[in-house]
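Per-entry structural report
So you can see what is in the structure, the chains are spelled out below.
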Amino acid sequence: MDLIDQMILTDAHHALRHEVQEFAAEVIAPQVAKMEETSAVDHEVIREVSRRGYIGVTIPRRYGGMGGDHKARTLLIETISSEHGSGAMGAATQASILGLAKILHFGSEEQKQQWLPAIAAGECLPTIATTEPGCGGHVLGMEATAVRDGSDWILNGHKHHVGNSHVADLHGVVVRTGEGSGGLSAFLVPADTPGCYLGEHVPLTGLRGFSAGDVFFEDCRVPASALLGEEGDGLSVALSSSMLYGRANLAAVSCGVHRALLADTKDEVKRRHRYGKPLHEALDSVQQKIGKITSNVMTARQDLYLAVDALDRGMDCDAALANAKLINVELALASARLADGIYGADAHRTDRALQRYVRDSQPIRSPAGTSEIQQRILYKVTMDSYPSSWSVRLADKVAGAELRH
Ligand SMILES: Cc1cc2nc3c(=O)[nH]c(=O)nc-3n(C[C@H](O)[C@H](O)[C@H](O)COP(=O)(O)OP(=O)(O)OC[C@H]3O[C@@H](n4cnc5c(N)ncnc54)[C@H](O)[C@@H]3O)c2cc1C
């Protein structure tokens, strides 16, 4: 057990991890080879994840959820993404937990009653659909629109790279309803609404089995009750979800894959022999690399759990969350390069797990802010020009959840 496990996580968290490890080994791991081979969208495993109640990890108990804190959410995603499960299913789990955040933070009581019990019961997988081909991380550059028609809204536009696009039941869509930063609004759109349709599944090089595809809206009519929060809240919905849930979620996927990479590398240097000795005894350079990967994992994981512990305590922690995403992604990529130097040509064999861990680490760099975006936020924090801390503004909604598992 490392220091995070001893100092920050409780017995209830350890029990949750144990349960999720067993679940992942039983339900996820046996399906990985098929997902890798076909690159097809997995529908079954993510449904099973949701039926276990894992998407509802932070949904309060009064709505049927697990009532967990942000450390529980992080641990759950990390464990599903680790060597016991897969990065792809970690990404799928995080995408719908991310999709849940906006309902918790901005939903009316009616919307919470309508959607949270269904999500907690595993009957509804939500998304958040913000990115477009023409705007990427520049949220204000989006062009999809919603226009009033009587009391309804009509949506038109194209959302891109939507996590869980092809398995979701409910899209949380941010679109333009007016000009400027106050001109974005968010809507809850059931995936089977007429006028809402999917593009063809284009697999990523990594995270095979996960879908992050195109969702189109063509004269898609939704009632006034689909509006999330107030008209004009769309930018807040997008940015707060990304900061308060997205950063830690993606860091947790990265952390799980990073740990899997270290575990696999440890086995490899004991198994493989050179100069008549196990590799780690034969070569000082291998010892150095193992030491560096271990340091990377420790640093990244400590950073992540410190950030989510602060979130649980209601502290101002946007900078810590941004840094956790940055550090986890970048150190996992650095470790992947070091592991490549240990495995030699075997690093690229498709019958070895390492190449999957390397491919799975790469796409995690983009969502919830690329590394450059995190650095931009940290620059602003240092220069006292970071405008608003979501962890402070929404503290009453994010802090204080208690894991009673
Ligand atoms: C696995 C995965 C899951 C995803 N899930 C979702 C999801 O659920 N919902 C959703 O809406 N989207 C999702 N996305 C999309 C993701 O949010 C975008 O990829 C991200 O916003 C970046 O957009 P982009 O890829 O178009 O890159 P761009 O924004 O075009 O950026 C390209 C490059 O320019 C740099 N750059 C851009 N702007 C700046 C700046 N201001 N300062 C410094 N550098 C900058 C970036 O760092 C990057 O290196 C997902 C993507 C992936 C890969």
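Residues numbered from 1 in each chain as written. Predicted model: local features only at pLDDT ≥ 70, side-chain atom pairs only at ≥ 80, totals over all residues. Heavy atoms only, no water.

Within an unreviewed UniProt entry, the label attached to the protein reads Alkylation response protein AidB-like acyl-CoA dehydrogenase, and the organism entered is Saccharopolyspora phatthalungensis. In its Cofactor (unreviewed entry) section, UniProt records this for the protein: "FAD". Its UniProt record, at the heading Sequence similarities (unreviewed entry), says of the protein: "Belongs to the acyl-CoA dehydrogenase family." (UniProt positions renumbered as here; feature names shortened; annotations may be inferred.)

With the exception of glycine, the majority of residues adopt a negative phi angle, and the majority of peptide bonds are in the trans configuration. One non-glycine residue, Asp219, adopts positive backbone phi at about 45 degrees. Looking at the element boundaries, Asp219 is found in strand 7 (residues 212–222). Among the residues examined, Asp219 registers a relative accessible area of 55% and is labelled exposed. The phi dihedral of Tyr275 is positive, around 55 degrees, even though this residue is not glycine. With respect to the element layout, Tyr275 can be found in the loop between strand 9 (273–274) and strand 10 (277–278). Its relative accessible area of 70% is what places Tyr275 among the exposed residues. (Helix = DSSP H or I, 4+ residues; strand = E, 2+ residues; numbered from the N terminus. Buried < 20%, exposed > 50% of the residue type's maximum accessible area, 1.4 Å probe, protein only.)

The next point concerns the UniProt feature "domain: Acyl-CoA dehydrogenase/oxidase N-terminal" (unreviewed entry) in the protein. Taking the UniProt record as the reference, the feature "domain: Acyl-CoA dehydrogenase/oxidase N-terminal" (unreviewed entry) is found at residues 10–123. Split by type, residues 10–123 is 68% helix and 0% strand. Its first and last C-alpha atoms lie 29 Å apart.

Once that is clear, we can look at the domain arrangement of the protein. Split by domain assignment, the protein resolves into domain 1 (3–125), domain 2 (127–233) and domain 3 (236–398). Every contact between the two is made by twelve residues of domain 2 and, on the other side, seven residues of domain 3. Roughly 810 Å² is buried in total at the junction of domain 2 and domain 3, and carbon and sulfur atoms are behind 70% of that figure. Sorting the residues of domain 2 by area buried against domain 3 places Ile128, Leu207 and Asp233 first, and these three jointly supply 46% of that buried surface. Counting the contacts that link domain 2 with domain 3 gives zero salt bridges. For the pair domain 2 and domain 3, the number of links is four residue pairs in polar contact (both at pLDDT 80 or more). (Domains from an automatic or database assignment. Contact = heavy atoms within 4.5 Å. Buried area = accessible area lost by both parts, 1.4 Å probe. Salt bridge = Lys/Arg side-chain N within 4 Å of Asp/Glu carboxyl O. Polar contact = N/O pair within 3.5 Å; in protein donor to acceptor, adjacent residues only side chain to side chain.)

Right, let's get into the site of the ligand. Surrounding the ligand, one finds 17 residues, the nearest of these being Ile128, Thr131, His161, Thr370 and Glu372. Contacts to the ligand include Ile128, whose backbone N or O atom sits 2.8 Å from a nitrogen atom. Within the backbone of Gly163, an N or O atom sits 2.9 Å from an oxygen atom of the ligand. For the ligand, the protein covers 66% of the area, taking 970 Å² as the surface of the free molecule. Taken together, the elements giving at least two residues each to the shell around the ligand come down to strand 1 (126–129), strand 3 (152–163) and helix 13 (371–382). With three residues, helix 13 is the largest single contributor of residues to the shell around the ligand. When the residues that make up the shell around the ligand are grouped by side-chain class, the tally is seven nonpolar, eight polar and two charged. Each of two domains, domain 2 (127–233) and domain 3 (236–398), supplies a minimum of three residues to the shell around the ligand. (Near = heavy atom within 4 Å. Areas by Shrake-Rupley, 256 points an atom, 1.4 Å probe, with all protein chains shown as cover. Nonpolar A, V, L, I, M, F, W, Y, C, P; charged D, E, K, R; others polar.)

Right, let's get into helix 4 (residues 44–51). Burial in helix 4 covers these residues: Val45, Ile46, Arg47, Val49 and Ser50. The secondary structure elements touched by the buried residues of helix 4 are helix 2 (11–28), helix 3 (32–38), helix 5 (70–81), helix 6 (87–106) and helix 7 (109–120).

We now examine the nonpolar core. Within the largest apolar cluster, 105 residues are counted, with the highest numbers of intra-cluster contacts made by Leu76, Met89, Leu244 and Leu321. Sorting elements by how many residues they give to this core places helix 8 (residues 234–271) first, with 17 residues. When sequence neighbours within four positions are dropped, the list of residues in contact with Leu244 reads Arg73, His105, Leu311, Asp318, Leu321, Trp390, Ser391, Leu394 and Val398. Core analysis: the second largest hydrophobic core is formed by 17 residues, Trp153, Val215, Cys220 and Leu227 among them. (Core = buried A, V, L, I, M, F, W, Y, C linked by side-chain atoms within 4.5 Å.)

Turning our attention to the environment of Ile28. In this fold, Ile28 is placed in helix 2. Take Ile28: its relative accessible area is 0%, and that puts it in the buried class. As for Ile28 and Leu333, which are separated by 305 residues in sequence, their C-alpha atoms are 24 Å apart. Setting aside residues up to four positions removed in sequence, Ile28 forms contacts with Phe23, Val45, Ile80, Gly85, Ser86 and Met89.

Position of His105 among the secondary structure elements: in helix 6. The exposure class of His105 is buried, given its relative accessible area of 4%. Excluding anything up to four places from it in sequence, His105 contacts Leu244, Tyr245, Leu394, Lys397 and Val398.

Bringing the pairing of strand 2 (residues 145–149) into the picture now. Two elements, strand 2 and strand 3, share five bridges in a ladder whose sense is antiparallel. Within strand 3, the position partnered with Ala146 by the bridge is Leu155. Here strand 2 hands over to strand 3 after two residues, with Gly150 in that stretch at a positive phi of 65 degrees. (Pairing = 2+ DSSP bridges.)

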